[in-house]
Amino acid sequence: MRFTEESIDELLGSWSRLRRSPAKEAGLVSVHGILAFELEPKGLPKIDDAYRVRIDIRVDRDDEVPEVFELDGRISRDVDEHVNPDGDFCLGSPLAVRLKLGRLPSLTHFVDQCVVPFLYAASWRRKGGIGWPFNELPHYSPGLLDDYQRLLRVSTAASTRLALAALCVRPRVANKLPCPCGCGLRLGKCSYRQHLASLRPFATRPYFRRIAEDFERRKFCNTSDDQIDPQADIPDLSPQALDRIRAASRHLEADFHPTSSLLPGV
Ligand SMILES: [Zn+2]
């Protein structure tokens, strides 16, 4: 999945106060303007408000979640406001956003389902709401592990890592890996494989690989406060299994050629 020019046009058609910004970087399309909404989520007060935002959309990469910035300083750059240090909204883990968007994501759907609820929450807090009105948005980094564990239906960092590794490779290869559920069987022998199979249609293997690499970089398995032995519940992560993951990863690298055909002005 990649956001196309058509998807950007559709977004500008749906949100008439958004405009295309001048292109600053190849492969990046920015739109800016006003998102005005009137929303009454179930069990929550009706709020109407408007924010000036910029949305940065990568059109040169598959499965990339757009970054959204609020431009008037109404939402502070604070982890409690779910804003990342760079100023972009923390809309949940990339995997969570990807799953929320479904199999045929559009930018309009992204704004409707992820950005507007985020802005509603910011207004709701300014009106005295405490915490988060919807119970599914964790802080990006500390909450990422929780979020992945929930989505992947596993309970430790090590299992999360193994489940992500399985999503990076073809099912045939993944079936030979130890099952992330901790049953001690190979994935192919456990019904947990059906859960992973249900996630596969939502993104490409290169995308899952980026998620897995990002997860590795965050070193959830290595920090002292994580209190998890990285191998604790992986009884059978043999050198051969690791080699198979690496070999498959190299193959994916060779498969993955970002093109520039969608760049503005190219
Ligand atoms: Zn299992």
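Within an unreviewed UniProt entry, the label attached to the protein chain reads SEC-C domain-containing protein, and the organism entered is Solilutibacter silvestris.

1. Section: the environment of Thr4
Its location among the elements puts Thr4 in the segment before helix 1 (5-14). Overall, Thr4 belongs to the partly exposed group, with 14 C-beta atoms counted inside 10 Å. Each C-alpha atom, one on Thr4 and one on Ile57, is 9.6 Å from the other, the two residues being 53 residues apart in sequence.

2. Some thoughts on the nonpolar core
By size, the foremost hydrophobic cluster in this structure holds 32 residues, and its most contacted members are Val115 and Phe118. Looking at this core, the elements with two or more residues in it are helix 1, strand 2 (28-39), strand 3 (47-58) and helix 3 (107-126). The greatest single-element share of this core, amounting to 11 residues, is contributed by helix 3. Those residues in contact with Val115 that lie beyond four places of it in its chain are Leu35, Val68 and Phe110. Core analysis: the next-biggest nonpolar cluster, separate from the first, contains 30 residues, Ala166, Leu167, Val169 and Ala174 among them.

3. Description of the environment of Cys114
Tracing the backbone shows Cys114 in helix 3. Along the primary structure Cys114 and Phe89 are separated by 25 residues, whereas in three dimensions their C-alpha atoms are 10.0 Å apart. Not counting chain neighbours up to four residues away, the residues in contact with Cys114 comprise Leu91, Val97 and Lys100.

4. Quick notes on the packing of helix 5 (residues 157-167) against helix 8 (residues 205-217)
With their axes 8 Å apart at the nearest point, helix 5 and helix 8 run at an angle of 155° to one another. Regarding the angle of helix 5 to helix 8, the classification is roughly antiparallel. Here helix 5 and helix 8 pass one another in a crossing that is left-handed. From helix 5, Thr160, Arg161, Leu164, Ala165 and Leu167 reach across to helix 8, where they touch Phe208, Ile211, Ala212 and Phe215. Looking at the contact of helix 5 with helix 8 residue by residue, the classes come out as 7 nonpolar, 1 polar and 1 charged.

5. Describing the pairing of strand 3
Alignment of strand 2 against strand 3, held across 12 bridges, turns out to be antiparallel. Bridge pairing links Leu28 to Arg58 in strand 3. Inspection of the sheet shows strand 3 paired to strand 4 (residues 67-70) by 4 bridges, in the antiparallel sense. The partner of Ile55 across the bridge, within strand 4, is Val68.

6. With respect to the environment of Val116
Along the chain, Val116 falls in helix 3. For Val116, a count of 18 C-beta atoms within 10 Å puts it in the partly exposed group. Separated by 80 residues in the primary sequence, Val116 and Ala36 have C-alpha atoms spaced 8.7 Å apart.

7. Let's talk about the sheet that holds strand 4
The 4 strands are arranged 1-2-3-4 in an open sheet whose pairing can be described as antiparallel. Of all the strands in the sheet, the pair left with one neighbour each is strand 1 (18-20) and strand 4. If you compare each strand with its neighbour and ignore which way they point, the axes differ by 20° on average. Across the sheet, helix 3 is in contact with strand 2, strand 3 and strand 4; its angle to strand 2 comes to roughly 55°.

8. As for helix 3
End to end, helix 3 covers 27 Å across 20 residues, agreeing with the expected 28 Å (1.5 Å per residue, within 8%). Val115 marks where helix 3 bends most, by close to 30°; the proline Pro117 follows one to four residues later. Once helix 3 finishes, Gly128 follows within two positions and takes phi at roughly 110°, a positive value.

9. Quick notes on helix 8
Helix length check: helix 8 (13 residues) gives 18 Å between terminal C-alpha atoms against 18 Å at 1.5 Å per residue, within 8%. Every buried residue of helix 8 is listed here: Tyr207, Phe208, Arg209, Ile211, Ala212 and Phe215.

Parameters at a glance
Residues numbered from 1 in each chain as written. Predicted model: local features only at pLDDT ≥ 70, side-chain atom pairs only at ≥ 80, totals over all residues. Helix = DSSP H or I, 4+ residues; strand = E, 2+ residues; numbered from the N terminus. Buried ≥ 20, exposed ≤ 12 C-beta atoms within 10 Å, placed from the backbone. Core = buried A, V, L, I, M, F, W, Y, C linked by C-beta atoms within 7 Å. Contact = placed C-beta atoms within 7 Å. Axes fitted to C-alpha atoms, helices over the stretch in contact; angles between N-to-C directions. Parallel < 35°, antiparallel > 145°, perpendicular 65-115°, else oblique. Left-handed = near helix turned anticlockwise from the far one by under 90°. Nonpolar A, V, L, I, M, F, W, Y, C, P; charged D, E, K, R; others polar. Pairing = 2+ DSSP bridges. Expected span 1.5 Å × (residues − 1). Bend = angle between axes of the 7 residues up to and from the residue.

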